[in-house]
Amino acid sequence: MTMDQRTERASDATVAPAAKPTTSLLARLRRRFHLSPVNRRRWERFKAHKIGYRSFIIFTALFVGSLFAEFIANDRPLIASYKGEILFPVLVDYPEEKFGGFLAVTDYRTPDIANEINANGWMLWPPIRYSYSTINKDYPGRIGDNGVCLGYPAPPPWATKLKLCDAPADQVPRYEEFGNTNWLGLDDQGRDVLARVIYGFRISVLFGLILTVVSSAVGILAGAVQGYFGGRVDLIFQRLLEIWNSIPELFVLLIISSLFIPGFWTLLGILMIFSWTSLVGLVRAEFLRGRNLEYVRAARALGLSDWQIMFKHLLPNAAVATLTFLPFKLSGGIAALTALDFLGLGMPPGSPSLGELLLQGKKHLEAPWLGISGFIAVSIILSLAIFMGEAVRDALDPRKTFRGKS
């Protein structure tokens, strides 16, 4: 064997072990994200529920899209070029003096600013040129049956045959421009209904998701402690829950709304105080049933602590029954926020809210597009959540899961 062959063999021996950590890392990642046979069977059962699976896809697409609502419906351009400089008004607040004005915040919809930017560059607008609070000042009104020029609320252009009122020559072309079209009409303050539906959808779903996750975590923890330890701990918790559930939630909301300005986090905190109790009984029953099983006794014999037994062994078995209720809790949280907004106890005035849109529809029966838009939006959200809940229930049903795909 020559010296070169020895050197080459020695270099191969030093390089070969370096590949093992990479292989083991990939194997660990695959094991971590690899579904077990039972969970894979559950996922197949979930996909087999066609309505629920499609509802999950539609709901996810709508929610992810609403997270980027500022890029879909906004009264600011996404990108603008002014005198050779690229600007991002959707992300940065540029003062109006940058474009020859004097205000602290730029209104890009005003004719003077728009003409100035277009004369020295260009603007790329989102598909809907309105935010949830933007008032359409270019709307000239429509002539009613009695010859009087009507104001707000205004119907969608495609849903009315009434003629536009007389307006300056440059106002009507701006109103009829494609990006300025109010596809679902204007509300009683001249704000675009479609933009408010998009932003209201995001707030409703975020509210329901946060409420579901936090209240379920607290309820699962309380039920686990109550069911696992039992005895005096269970008795004391049961009496406290009976007292807590006897508190009228609506009266508490009325008292707090009279003391503080209701808002997103205020309402979320109030509903969390009361909604966590809904899962306690279910988790308590699962822990009471499982704490005396053989595998729990074996875990105690091996020296595992109570908390390890609760969260590593008992909780995964109780989670099957618990997860079934989460989509229904999501729909309950969304419905609660909508109802509070409809009663005037919800979000602050001016906030995009589906319940407030329903309230406007109740006040303005002559404007059916308000109530119909809010009703359809709420119905879609709740229907998708219910269908997802049914699919999750079927997927986690042990009789169907361990029977296979039959």
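First, a word on what this report is: a plain description of the structure on this page. Along each chain, the written sequence defines residue order, and numbers are assigned to residues from 1. Owing to the predicted nature of the model, reporting of local features is limited to residues with pLDDT of at least 70; listing and counting of side-chain atom pairs is limited to 80 or more, with chain, interface and lining totals taken over all residues. Excluding hydrogens and water, the side-chain figures rest on all heavy atoms present in the structure.

## Description of the layout of surface pockets
At step 1: Quantified by volume, the largest pocket comes out at close to 620 Å³.
At step 2: At the level of elements, helix H3 (37-48), helix H4 (50-67), helix H7 (193-229), helix H13 (306-323), helix H14 (326-343) and helix H16 (368-395) are the ones that each hand at least two residues to the lining of the largest pocket.
At step 3: Think of it this way: any DSSP run of H or I at least four residues long counts as a helix, any run of E at least two long counts as a strand, and we number them from the N terminus. Element by element, the count of residues in the lining of the largest pocket is highest for H7, at five residues.
At step 4: Looking at the lining of the largest pocket, its residues break down into 17 nonpolar, five polar and one charged.
At step 5: Lining the second largest pocket are 18 residues, with Leu-184, Leu-194, Val-197, Ala-377 and Ile-380 positioned closest to its centre. Method remark: on a 1 Å grid restricted to protein atoms, a set of points is classed as a cavity if a 1.4 Å probe fits but cannot get out and as a pocket if it is open with protein on both sides within 12 Å along at least five of seven lines; lining residues have an atom within 4 Å of a point. Grid points are joined across faces, edges and corners, and a volume is the space filled by probe spheres set on the points. The classification used treats Ala, Val, Leu, Ile, Met, Phe, Trp, Tyr, Cys and Pro as nonpolar, Asp, Glu, Lys and Arg as charged, and all other residues, Gly among them, as polar.

## Concerning the packing of aromatic side chains
At step 1: Aromatic contacts are taken between Phe, Tyr and Trp rings whose centres are within 6.5 Å, Trp giving its six-membered ring; a plane angle under 30 degrees counts as stacked, one over 60 as edge-to-face, and the others as tilted. A complete count under the given rule lists 17 aromatic pairs for this structure.
At step 2: Considering the side-chain rings of Phe-68 and Phe-71, the 6.4 Å spacing of their centres and the 55° angle between planes classify their relative orientation as tilted.
At step 3: Three labels apply to residues, based on accessible area from a 1.4 Å probe with only protein chains included: buried if under 20% of the type maximum, exposed if over 50%, partly exposed otherwise in between. With relative accessibility at 45%, the residue Phe-68 sits in the partly exposed group.
At step 4: For Phe-71, a relative accessible area of 39% puts it in the partly exposed group.
At step 5: The structure contains a cluster of three or more aromatic residues connected by ring pairs, namely Trp-43, Phe-46, Tyr-53 and Phe-56.

## Things to note about the pattern of salt bridges
Pairing between side chains becomes possible if they bear opposite charge and their charged atoms approach one another.
At step 1: What counts as a salt bridge is simple: a side-chain nitrogen of Lys or Arg found within 4 Å of a carboxyl oxygen of Asp or Glu. Across all of its chains, the model carries 16 salt bridges by this definition.
At step 2: For the salt bridge of Asp-138 with Arg-174, the shortest nitrogen-to-oxygen distance reads 3.1 Å. On the criterion of sequence distance, the pair formed by Asp-138 in the loop between strand S3 (121-124) and strand S4 (142-143) and Arg-174 in helix H6 (residues 171-176) is long-range, its members being 36 residues apart.
At step 3: Classification of Arg-174 by relative accessible area gives partly exposed; the value is 21%.
At step 4: Residue Arg-196 is joined to Glu-356 by a salt bridge in which the shortest nitrogen-to-oxygen separation is 3.3 Å. You can see Arg-196 sitting in helix H7 and its partner Glu-356 sitting in helix H15 (residues 354-363), a full 160 residues away along the chain.
At step 5: The buried category is assigned to Arg-196, whose relative accessible area is 2%.

## Focus on the state of the cysteines
At step 1: In this description, the term disulfide denotes a pair of cysteine sulfurs within 2.5 Å. Applying the stated criterion across every chain yields a total of one disulfide.
At step 2: At a sulfur-sulfur separation of 2.0 Å, the disulfide partner of Cys-149 is Cys-165. Looking along the S-S bond of the Cys-149-Cys-165 disulfide, the torsion reads about 120°, which is the right-handed sense. A residue pair is termed long-range when its members are at least 10 positions apart, and Cys-149 in strand S5 (residues 149-150) and Cys-165 in the loop between S5 and H6 qualify at 16 residues.
At step 3: Residue classification places Cys-165 among the buried positions, given a relative accessible area of 7%.

## Overview of helix H10 (residues 264-275)
At step 1: In a helix, the anticipated span is given by 1.5 Å times the number of residues less one. Taking 1.5 Å per residue, 12 residues should reach 16 Å; H10 reaches 16 Å between its end C-alpha atoms and fits that length.
At step 2: Along H10, the residues classified as buried are Phe-264, Leu-267, Leu-268, Ile-270, Leu-271, Met-272, Phe-274 and Ser-275.
At step 3: Note on definitions: a residue-residue contact is assigned when non-hydrogen atoms from the two residues lie within 4.5 Å. Elements in contact with the buried residues of H10: H7, helix H8 (231-245), helix H9 (249-259) and H14.

## Quick word on the sheet that holds S3
At step 1: Two strands form a pair only when DSSP identifies at least two bridges running between them. Taken in spatial order, the three strands make up an open sheet running S2-S1-S3, and their pairing is antiparallel. Each end of this open sheet is capped by a strand with a single partner; those strands are strand S2 (85-87) and S3. Neighbour-to-neighbour, the strand axes of the sheet open up by a mean angle of 15°, direction not taken into account.
At step 2: The sheet contact formed by strand S1 (residues 79-82) and S2 spans three bridges and is antiparallel. Paired with Ser-81 across the strands is Ile-86, a residue of S2. Axis geometry follows a simple rule: fit a line to the C-alpha atoms, using only the stretch in contact for helices, then measure angles between N-to-C directions, giving values from 0 to 180 degrees.

## Remarks on the nonpolar core
At step 1: Counting residues in hydrophobic clusters, the biggest one holds 18 residues, and the most contacted among them are Phe-59, Val-205, Leu-370 and Ile-381.
At step 2: When contributions to this core are tallied by element, the ones reaching two or more residues are H4, H7, H14, H15 and H16.
At step 3: Of all the elements, H16 adds the most residues to this core, at seven residues.
At step 4: Sequence-distant contacts of Leu-370, defined by excluding residues within four places in its chain, comprise Pro-153, Leu-186, Asp-187, Val-193, Leu-357, Gln-360, Gly-361 and His-364.
At step 5: Only buried Ala, Val, Leu, Ile, Met, Phe, Trp, Tyr and Cys residues count toward a nonpolar core, and they belong to the same one when joined by side-chain atoms within 4.5 Å. Formed by 15 residues, the second largest nonpolar core is a distinct cluster that contains Leu-211, Leu-271, Phe-274 and Leu-345.

## Here we look at the environment of Gly-290
At step 1: With respect to the helices, strands and loops of the structure, Gly-290 is situated in helix H11 (residues 280-290).
At step 2: If near-sequence neighbours (up to four positions away) are discounted, Gly-290 is found in contact with Tyr-295, Val-296 and Leu-314.

Note that all results are geometric; they support no functional claim without further evidence.
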